[in-house]
Amino acid sequence: MKIALMTSIACLVFAGPAFAGPDGSTPVGGATHADAGDQQTTPATKPNKAVFSTGVAKGRDLLDSAISTSAIGEDRIEQIGARSLGEILRTVPGIRVEDVGNGGYANYTIRGLPLAGTGSKWLQFQEDGLPVLEFGDLSNLTNDMLVRPDLNLARIESIRGGSASTFASNSPGGVINFISKTGEEEGGSIQLSTGLVDYDITRGDFEYGGRLSSNLRFHIGGYYRSGAGTRDPGAGSFHGGQVKLNVTREFANGYVRVYAKLLDDRQAYYTPGPMRVTGSDADPTYTPIANFDPRVNNTISKNLPIVSGVGIDPKVIRSPLSQAWRAKSKSLGMEAKFDIASWTFVNRTRYSDISNAIGGSQPLIVTSAGALAAMFGGPGATFSYASGPNAGQAITNPASLNGNGLAAFTAFNTLGSPKANYFVNDFRGSRVWKIGGGDLTVTGGVYKSLQNFTTLLAMDTGYQDFAGPNSALLDLRTAGGTKLTDGGIAAYSVWPLTAAGNRYADVDYDITAPYGSVNFHTGRLSIGGSLRYDSGKVKGQRYGIELGGNRTRWRPFDVNGDGVITPPEQVADGIQGDQPGPVDYAYHFFSYSFGVNFRISQSFAAFARYSKGARALADSIYFTPTINAVTGKPANSRDTYNPVRQAEAGVKYRTDALTLNLTGFVANTAEQNYQVNADANGVLTLVPFNRSYRAYGAEFEGSYQHGPFSLNVGATYTHAEIKSDSTNAALAGNAPRHQPKLIVQAMPVVDLGPVSFGSSVVYTASSYAQDVNKLKMPAFTTVNAFVEYRPVDRITLSVNGSNLFNALGVTEVTQGSIPADGIVSARVMNGRTVAAAVRFNF
């Protein structure tokens, strides 16, 4: 397939007469552009007209469109001073991000839609108008692992609700589109950056674009970085980079563009760590424990060696824990747009060879070291160091261990997707007719995707302490001196816990979705609707103890091959490759969206929209009763997707200097999923559920510019509740976990020519740690700031700081109430970091 794709692209780009005909467009933010994947960076000629095309049938002025949108330009992306993609998207109104600063594996949702699992279930991430992955919440592979902001990025467009339900599959909440530069402007830049305060990173970026001839242009760029990142594990967890290239051939009536991306990047994996909580559930105080601050420390360190797990067949899998996770992607794509006989045809296609691997530690039980030793080794059991500079040394006073006295029974995970190859094609045609004094726009298209997804989860368990960047593994001995561990490993499984076992799956998705829309614009009125029909065929195999039958959970396996079965090897959890369970089903659903927009005046408009969309379920149902263990089919095809119904209405105001948007929304959602909770004994466990939700609220976005001063602001108020839960009826009426009532963003900037400075402020209100609505996570505010100085033309010196006041931003707590010992497992935002850069433009 790759050879055929490359051949067809080459023929399209270089064949045909050499007619010059640029695909003119301009950036959003007082700007226009013709197509979501067709980027331009020239100034807008009409500052009072803004055109948007991501997630709609055809680009049109926002004041004539019944949609809610935002856009972030290249300059603003750099000024935010983000250390991760999640930090950038936290500044977009309506979008809620649970970001922990490791560059990926953040959680994203929008307008109160539930965020029970991982990734971006209700939001689709796109690069240049095509999805990054078909599903945004794959358990071991998420969109933000594969998207890297760098100097290639021209802007980020987002659409919330509305037409996203019908112009992209599996995106009922919205679409975020990362749009690349395409060589419209001649020139480029080189940027070198480094961390200054609590940020160990060295990074180089470059980009260059321009014309190769009168009808041929290109752009190339990329980055490479290396370092320990924001939370020093004593090892270089961050290293790698990407290169992107595109070439555009222009014709009199359109263009053809080919592009490629090569990504190979490794980043840290930040999992929940221990924190102390005092006070009450309703008014708690969170403080870091001694010698372990989750803002700057992590559960991995240089003292956590390569561990061995048991995979499929079974085979031994080795994972370097201190090296965290690695994502690789090789992509080749094409985009073509032509005007033919009053029609505009656009086709986008891409093939991506994707894989990733993750190694990390996930504390399952955190308690005092003495109590943990007795729990698993009996009375009088003791710990000694199994790794690090103190390896072999007995821990004689566990109560004072590292000043906090804590140890953990931890899962050492080897997981990821060895193969997730993805082919996607989107073809559409549009035409505008003059009818009855107005414009009737008709669009039709067909979307096709083939997503392969393999997923692996192999777990060991063992013991570790908490000593900042020097955490180590611990060996356990009984009071009689019998050693129960191998180098700190207690079991090559999660024995004696039964919440989950080692798993493997290899599943193919074949998705076809025809869609269409009709929009009529006459005078000040626009009215339109759109439909989409998604159908998917799902086939593959899965392997795991959850499938039942005669599968064995624990059995002896000689992991190190020395011919001796040690206690940890007695309870290995190998994936039995001779006992597959099928996955074999189909699904289909309709989505629709109808909207009306009335332009009250040149600068003021009102709109309303009602939409119904859905999200097909992916690996979250592989090992649940939803899919029959024998037949691989669901009891009902409706169990394989989750519907979302949304209504929104709002007003928009825009002048050359001021833009104000206010939108009210309501959403009703059904969801099957699972989430990680702590049980009554404080042990982490997986909890499946089947629920319905309702959320309503209001979203505000505004911008103002006067002379050198500009201000962008946003705010989202959300009231969300669980309407019903078939697995726990007592949760009905509660607020979903992690859902704040209010999120506010503000970004003031002053540009004096040689000097620019500004800040980005994000306030997140309090929320509940779990759905039981007892323990709260406090409100917090993060402040980023930047200063840019241009001493001479084409040279920029900059310093930016993230979370300058070192706010303790708690984004996740696994316990629903304060435990007796006051220790919870929590994930937090990065602490204060400062970086500097020098950029050369040419």
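Refer to the structure presented above.
Bear in mind that the values here come from a model prediction, so they are computed numbers and not experimental data.

(A) Structural detail: the packing of aromatic side chains. Going through the model one piece at a time under the given rule, you end up with 23 aromatic pairs. Consider the rings of Tyr533 and Phe590, whose centres lie 4.8 Å apart with planes at 50°: the pair is tilted. Placement of the pair is Tyr533 in strand 28 (residues 525–544) and Phe590 in strand 29 (residues 581–599), with a sequence separation of 57 residues. The partly exposed category is assigned to Tyr533, whose relative accessible area is 29%. Taking relative accessible area as the criterion, Phe590 reaches 51% and is therefore assigned exposed. Ring geometry for Tyr622 and Phe623: centres 6.5 Å apart, planes at 70°, overall edge-to-face. Each of the two residues, Tyr622 as well as Phe623, counts as buried.

(B) Structural view of the side chain of Ser387. Inspection of the secondary structure assignment puts Ser387 in the loop between strand 21 (382–385) and strand 22 (406–417). Looking at Ser387, the relative accessible area reads 8%, which means it is buried. A distance of 2.7 Å separates a polar side-chain atom of Ser387 from the backbone oxygen of Asn303. Within the structure, the side chain of Ser387 is placed 2.9 Å from the backbone nitrogen of Leu473, a separation counted as a polar contact. Sequence-distant contacts of Ser387, that is, excluding residues within four places in its chain, are made with Asn303, Pro305, Ala472 and Leu473.

(C) Inspection of the sheet that holds strand 41 (residues 810–813) at higher detail. The sheet built from four strands is open, its strands ordered 16-15-42-41 with antiparallel pairing. Among the strands making up the open sheet, the edge pair consists of strand 16 (284–287) and strand 41. Taking each pair of neighbouring strands and ignoring which way they run, the sheet shows an average axis angle of 50°.

(D) Highlighting unusual backbone geometry. Cis geometry is found at the peptide bond from Asp313 to Pro314, where omega equals -5°. Residue position: Pro314 is located in the loop between strand 17 (306–310) and strand 18 (316–320). Along the chain, Trp495 connects to Pro496 via a cis peptide bond; the corresponding omega equals 5°. With respect to the helices, strands and loops of the structure, Pro496 is situated in the loop between strand 26 (489–491) and strand 27 (503–522). Phi is positive for Asp198, which is not a glycine, with a value near 50°.

(E) Representation of the sheet that holds strand 7 (residues 130–131) in the model. The mixed open sheet is built from five strands, whose spatial order is 3-8-9-6-7. Of all strands in the sheet, those bounded by a partner on one side alone are strand 3 (68–73) and strand 7. Bridge count for strand 3 against strand 8 (residues 153–160) is six bridges, and the pairing is antiparallel. If you follow Ser68 over to strand 8, its bridge partner there is Arg160.

Conventions we followed
Residues numbered from 1 in each chain as written. Predicted model: local features only at pLDDT ≥ 70, side-chain atom pairs only at ≥ 80, totals over all residues. Heavy atoms only, no water. Phe/Tyr/Trp six-rings, centres within 6.5 Å; stacked < 30°, edge-to-face > 60°. Helix = DSSP H or I, 4+ residues; strand = E, 2+ residues; numbered from the N terminus. Buried < 20%, exposed > 50% of the residue type's maximum accessible area, 1.4 Å probe, protein only. Polar contact = N/O pair within 3.5 Å; in protein donor to acceptor, adjacent residues only side chain to side chain. Contact = heavy atoms within 4.5 Å. Pairing = 2+ DSSP bridges. Axes fitted to C-alpha atoms, helices over the stretch in contact; angles between N-to-C directions.

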